Amino acid sequence: MNRKSNYWGTGRIGKSILLFAPMMMLIMLMLLGSASGGDAATQIARLITIAFFGAMFFLIIYTGKTDKWRAVAFIVSALLFCIAFIHNLILERGSMTFSNAEELSCTIPFCHIVTTMMIIPAAVKQTILFPGSLVEGFASISAMFVIVLCFSIVLGRGFCSWGCFYGGWDDGTSRILRKPVIKKVNNSYKWFSFAMLIVMALWSAEAAEPTYCSWLCPFKAVTENERIVDTITLIKNIIFTLTFAVLVVVLPLLTKKRIQCATFCPMGALLSLFNKINIFEVKNDTSKCIGCGKCEKACPMLAIEKRCPTLTCSKCGKCVDACPTGAMRFHIKGTPIDKHTTIARTLFIFPAYTFLVTLCGGSVANGLALIINLFI
Amino acid sequence: MKKILSVFAYIWASLGTLTILVAFIGMGSWQQLSLNLPFMRVDPQYSGGAVVDSVVRNNLKISIHENVFPGVFRQSGNGFVQIDVNQCPADTIRIDSLLINNKITTISATPEKAEADGFEIEDFVKLADRWIIRLKIEK
């Protein structure tokens, strides 16, 4: 076993099971608690989902590799979420596109990225500038508000690596090649996402529409988009496809960095600010650091500068996995860096993984059921 | 002091999982609570705004919304009035003598299009339970 054996339970089946058992119960509670009935495919999908999330968590504990198994769960969640989401739209409105009818009836699902564009209208005009439902239906405004608020406080920007159903896309594409084609990406590009946050918040308030969603969001290409009825909507759809192709597929593939999340997403910038008040962080124990720079090279969010994670760290754990001496570690602010590494890591991955399962578990099961239905 | 702070930090950190569970399990209640927040209402630009008058014409219940001029920092000079026809008429409808923005108008609509005397139509959509007609107005 490598140096990661300093985590309690790593490499020991019995001890790993002790840490895994409470999470398995939570997974079952979350995925079986709200579910009832369904056809054979749905039941099978639900069981596979429980087994899958359970297995990934067990591997995180047993191998001591946080990012490796988190990424598998995260990427699979993102892909199956989109399949289930599009299927849901087709069932509800017959298409993955929306038109005036959905806007005027306020039935567009609210996504967490919209939050960045709602700040100024909510403060100035005390309204939500989005054609969604307040309570009813899928992804209502109030439900997403509760999710974003609670989980931003608990996880900070950990939201981006442990729950965001979009983040899995470029996390996935950034892992396809073994070595990057573009070897150096300037870390300061990450500050562009803060510029995006400011510009989007102001532009949305000025234009009185959620402009990032209307004009730029790459994930419109794989969730829902505006029906093409004129030149403007055609241009918008071309932009969505281009931003998805460039920022989510091509650049992450070539650089092995999550370019969309790290440099473009305004929500990522907003969540970075929550890192300031968040109790969890990834920290470098400088007494153990040998200055090899592997952490900086591994970080997909361009967040590590001079071997220290900065404000934009999404707590994915890739640098922790890459560190050869165990200097980089999950840490609880206010506690000694050199003690209780297992406690700090466990106290972080429990809420983070619970968040992933509760937010995406249902969609994963639904997406899986659709795939199973294709074969039986 | 450091030790006390450290114990407090561990307790605070261990509340994370609990917070997430409580948030998801009690989602319905949290949603209802969040509705009390002052900004928790959909902008009139999308919702059509508050209903200011309801009339019944030819067995159709008509809801007339407030005048809406979109904008956050400053209102646009061009706005709209939303009119909901709260049933699903199968054929042509005609609504006489509606008072919209201090003007009396007549609205007629078929499943294909809507018209109003003295007003341009901004939007006309047919939903399963109602038709929505938006008339353009100016300040």
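Before reading on, note that the structure itself is shown above.
This one's a predicted model, so the numbers in the text were calculated from it and none came from an experiment.

**Overview of the sheet that holds strand β8 (residues 131–138) of chain B**
All names here are of chain B.
Okay, so step 1: Spatially, five strands are ordered β1-β2-β3-β8-β7 in an open sheet, and the strand pairing comes out antiparallel. The strands lining the two open edges of the sheet, one partner per strand, are β1 (51–57) and β7 (121–126). Going from strand to strand, the sheet's axes swing by 20 degrees on average, the running direction of each strand aside.
Okay, so step 2: Where β7 meets β8, five bridges bridge the pair, whose relative direction is antiparallel. Bridging from a neighbouring strand, D123 pairs with R134 of β8.

**Things to note about the pairing of strand β3 (residues 78–85) of chain B**
Residues and elements named next belong to chain B.
Okay, so step 1: Counting buried positions along β3 gives seven out of eight residues, so the element sits mostly inside the fold.
Okay, so step 2: Across five bridges, the pairing between strand β2 (residues 60–68) and β3 is antiparallel. Bridge pairing in β3 places I64 opposite I83.
Okay, so step 3: Where β3 and β8 come together, eight bridges link them in antiparallel fashion. Residue pairing in the sheet places I83 in a bridge with I133 of β8.

**What to know about the state of the cysteines**
Here is the idea: a disulfide is a covalent bond, and it sits between the sulfur atoms of two cysteines.
Residue and element names in this part refer to chain A.
Okay, so step 1: What the rule picks out here adds up to zero disulfides over all chains.
Okay, so step 2: Distance from the sulfur of C106, which forms no disulfide, to the nearest cysteine sulfur (C213) is 14 Å.
Okay, so step 3: Take C106: its relative accessible area is 11%, and that puts it in the buried class.
Okay, so step 4: Not part of a disulfide, C160 finds its nearest cysteine sulfur in C164, a span of 6.2 Å.

**Re the packing of helix α1 (residues 13–33) of chain A against helix α1 (residues 2–25) of chain B**
Okay, so step 1: Viewed as axis vectors pointing N to C, α1(A) and α1(B) meet at an angle of 15 degrees, and their least axial separation amounts to 12 Å. Considered as vectors, α1(A) and α1(B) are oriented roughly parallel to each other. At the point where α1(A) passes α1(B), the crossing takes the left-handed sense. For the pair α1(A) and α1(B), contact is made by A:L26, A:L29 and A:M30 and by B:T17, B:L21, B:F24 and B:I25, respectively.
Okay, so step 2: Looking at side-chain class alone, the contact of α1(A) with α1(B) contains six nonpolar, one polar and no charged residues.

**As for the pairing of strand β5 (residues 103–109) of chain B**
Residue and element names in this part refer to chain B.
Okay, so step 1: Pairing analysis gives six bridges linking strand β4 (residues 93–100) to β5, with the strands arranged antiparallel. Across the sheet, I100 pairs through a bridge with K103, a residue of β5.
Okay, so step 2: Counted along the chain from β4 to the antiparallel partner β5, the turn is two residues long, and its residue N101 has a positive phi close to 50 degrees.
Okay, so step 3: Relative to strand β6 (residues 114–116), β5 runs antiparallel, the two sharing three bridges. Paired with I107 across the bridge in β6 is A116.
Okay, so step 4: Hairpin geometry of β5 and β6 is characterised by an intervening segment of four residues between the two adjacent antiparallel strands.

About the thresholds
- Residues numbered from 1 in each chain as written.
- Chains lettered and ligands numbered in written order.
- Predicted model: local features only at pLDDT ≥ 70, side-chain atom pairs only at ≥ 80, totals over all residues.
- Heavy atoms only, no water.
- Pairing = 2+ DSSP bridges.
- Helix = DSSP H or I, 4+ residues; strand = E, 2+ residues; numbered from the N terminus.
- Axes fitted to C-alpha atoms, helices over the stretch in contact; angles between N-to-C directions.
- Buried < 20%, exposed > 50% of the residue type's maximum accessible area, 1.4 Å probe, protein only.
- Disulfide = S-S within 2.5 Å.
- Parallel < 35°, antiparallel > 145°, perpendicular 65-115°, else oblique.
- Left-handed = near helix turned anticlockwise from the far one by under 90°.
- Contact = heavy atoms within 4.5 Å.
- Nonpolar A, V, L, I, M, F, W, Y, C, P; charged D, E, K, R; others polar.

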